[in-house]
Amino acid sequence: MKAFVYRGSGLKALEDRPRPVIQVAGDAIVKMLKTTICGTDLHILKGDVASCTPGRILGHEGVGVIDSVGAGVTAFRVGDHVLISCISSCGKCEYCRRGMYSHCTTGGWILGNKIDGTQAEYVRIPHADTSLYPIPAGADEEALVMLSDILPTGFECGVLNGKVAPGSIVAIVGSGPIGLAALLTAQFYSPAKIIMIDLDDHRLEVAKRFGATDTINSKNGKAVESLMQITDQRGADTAIEAVGIPATFELCEKIIAAGGTIANVGVHGTKVDLFLENLWDRNITITTRLVDTVSTPMLMNVVQSKKIDPKLLITHRFKLNDIMKAYDTFQHAAETQALKVIITM
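A.B. asks: Hey, could you run me through the pairing of strand β2 (residues 11-16) in this one?
C.D. replies: Side chains on a regular strand alternate between the two faces of the sheet. Here strand β1 (residues 2-8) runs beside β2; their pairing, made up of 6 bridges, is antiparallel. What sits directly across from Tyr6, in β2, is Lys12. The antiparallel pairing of β1 with β2 creates a hairpin that spans 2 residues between the two strands, and Gly10 there sits at a positive phi of about 80 degrees.

Following this line, the structure appears as C-alpha cells:
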C-alpha cells in the first residue's frame, strides 16, 4: 500500500508499505477513504514531537470502511463506514473512566505518533469499539473528517477549557483551522464578542464570514492596543492560543482580563515565558489540554443537524499520490490560502 512516512526532521516520503494486520482482538483494519493534514503533522516534521520516530506513517484523522476486525470487536462489522478518532481509548483504564481519553494508558494520541497513522491506504485502529464512530447513512464524509480532530480540539481545548460564557468577550489568537474551529464552536455559548487575531488578512476575512465580530491584524505590533480599544480597556474574558509559538502565548498574557482564562490549544515545541510579575494579582486561570474527543458524538449531531458546517474549512483536495504537493500547499498557507486539505485514496 502507499503511505506517507516521516523520515526525520524535515524529511518525508511517499512509500510502499505492507498492509497492516490485526495484532490483538480489539483491533480493526480500516480501508481509508479520506484523510487530511494537521498542524501537528507539521510539528512532527520539524522535529518538535519526540515521541514520533523516523519511519512512522503520519496522520490521525479520516474516514474509511472497515476491512477486517479482531475477534474482540463487537460494535463494528466489515463494510461499516466509520469516523476515526484522533485519540484511541480503551474505555476501561483510570483515565478513560475520568473522560481523559487522551491519557489512556494503552491509547491516547498514538495514531501517526507512536503507531502508524491514517495517511495511507489502510490503517490499524486499536481499541476499535471505543475509538471509531459509525457514520450515519447519507452523511457528508468530507465534513466529518473535520470531526476526527480539529472540531473537538477547538471546542474542548479552547471553548470548554476557556470557559466561554454568554455575553463574554473571547479573543482567539490564530485564525488557522484550529482557531476557526474554536470560533465556530464558541458561538454555541453566545459570547458578546469573538475577536480573531492573525497576521493573514485572508484568514481574518474567512473568520469574519465564520462569525467573528472583530478582527485584528497583528502585523503592526499593536494587537494589544487594538483589542483594548475594542473592549473598552477591559481585555478578553477568554484568550484562546491556537498557534503554538511563544509570541502568541505571550500575547494572550497581555490581553487577558482580570478573572479571565487563557486556554492553550497550540502545540509548543520551545519554552514560553510566563510573566507572572504582571499576572500574579489578576485572578486568571491558565489551562492546557490534549483533546479527549469526549465531545465527538455531540458534534456529530450538531453537524448532522446543519447547525454548523465544518466543510467550510476545506480549501484544497488531493489524491494520495499527490500528498507531497498537499503538504507543500498546507505548509505555505500564506501563499496558497490553504486551511484544511482533503486527501482521497
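A.B. asks: How should I be thinking about the sheet that holds strand β8 (residues 169-173) in this particular structure?
C.D. replies: To summarise the sheet geometry, strands pair through backbone hydrogen bonds and adopt either a parallel or an antiparallel arrangement. Read from one edge to the other, the open sheet built from 6 strands follows the order β10-β9-β8-β11-β12-β13, with strand pairing classed as parallel. With one partner strand each, in any of the chains shown, β10 (214-217) and β13 (285-287) form the two edges of the open sheet. Averaged over all adjacent pairs, the angle separating strand axes in this sheet is 15 degrees, with direction ignored. On the sheet, helix α9 (residues 246-255) packs against β8, β9 (193-198), β11 (236-241), β12 (256-264) and β13 and is oriented at approximately 160 degrees with respect to β12.

A.B. asks: Is there a simple way to explain helix α8 (residues 223-230) in this structure?
C.D. replies: For an α-helix, 3.6 residues make a turn, and residues three or four places apart therefore share a direction. All of the buried residues along α8 are Ala223, Leu227 and Met228. Buried residues of α8, viewed axially, fall in a sector of 130 degrees; they line one side. Along α8, exposed side chains directed more than 90 degrees from the buried face belong to Glu225 and Gln229. Close packing links the buried residues of α8 with β8, β9, β10, β11 and α9. Trailing α8 by a residue or two, Asp232 shows a phi angle of about 55 degrees, which is positive.

A.B. asks: It is not clear to me how unusual backbone geometry should be interpreted in this structure. Could you clarify?
C.D. replies: What is expected of a backbone is that most residues other than glycine have negative phi and most peptide bonds are trans. Despite not being glycine, Asp232 has its phi angle at roughly 55 degrees, a positive value. Structurally, the position occupied by Asp232 is in the loop between α8 and β11. Overall, the relative accessible area of 68% leaves Asp232 in the exposed class. Phi is positive for Gln233, close to 70 degrees, though the residue is something other than glycine. Inspection of the secondary structure puts Gln233 in the loop between α8 and β11. Judged by its relative accessible area of 58%, Gln233 falls in the exposed class.

A.B. asks: Would you take a moment to explain the environment of Arg17 for this structure?
C.D. replies: Within the fold, Arg17 resides in the loop between β2 and β3 (28-36). The spacing of Arg17 and Gln229 is 212 residues in sequence and 56 Å in space, taken between C-alpha atoms. Ignoring anything within four residues of it in the chain, the contact list for Arg17 reads Met1, Ala3, Val5, Arg7, Gly55, Ile57 and Asp116. A distance of 2.6 Å separates a polar side-chain atom of Arg17 from the backbone oxygen of Gly55.

A.B. asks: Would you mind showing me how to read the packing of aromatic side chains here?
C.D. replies: Aromatic rings considered in pairs are described by the distance between their centres and by the relative angle of their planes. A complete count under the given rule lists 3 aromatic pairs for this structure. Taking the centre distance of 4.2 Å and the plane angle of 15 degrees together, the rings of Phe4 and Tyr327 count as stacked. Remark: Tyr327 occurs in helix α12 (residues 323-331) and Phe4 occurs in strand β1; sequence separation between them is 323 residues. What makes Phe4 buried here is its relative accessible area of 0%. By relative accessible area, Tyr327 is classed as buried at 0%.

Conventions adopted
Residues numbered from 1 in each chain as written. Predicted model: local features only at pLDDT ≥ 70, side-chain atom pairs only at ≥ 80, totals over all residues. Heavy atoms only, no water. Pairing = 2+ DSSP bridges. Helix = DSSP H or I, 4+ residues; strand = E, 2+ residues; numbered from the N terminus. Axes fitted to C-alpha atoms, helices over the stretch in contact; angles between N-to-C directions. Contact = heavy atoms within 4.5 Å. Buried < 20%, exposed > 50% of the residue type's maximum accessible area, 1.4 Å probe, protein only. Arc of directions from axis to C-beta. Polar contact = N/O pair within 3.5 Å; in protein donor to acceptor, adjacent residues only side chain to side chain. Phe/Tyr/Trp six-rings, centres within 6.5 Å; stacked < 30°, edge-to-face > 60°.

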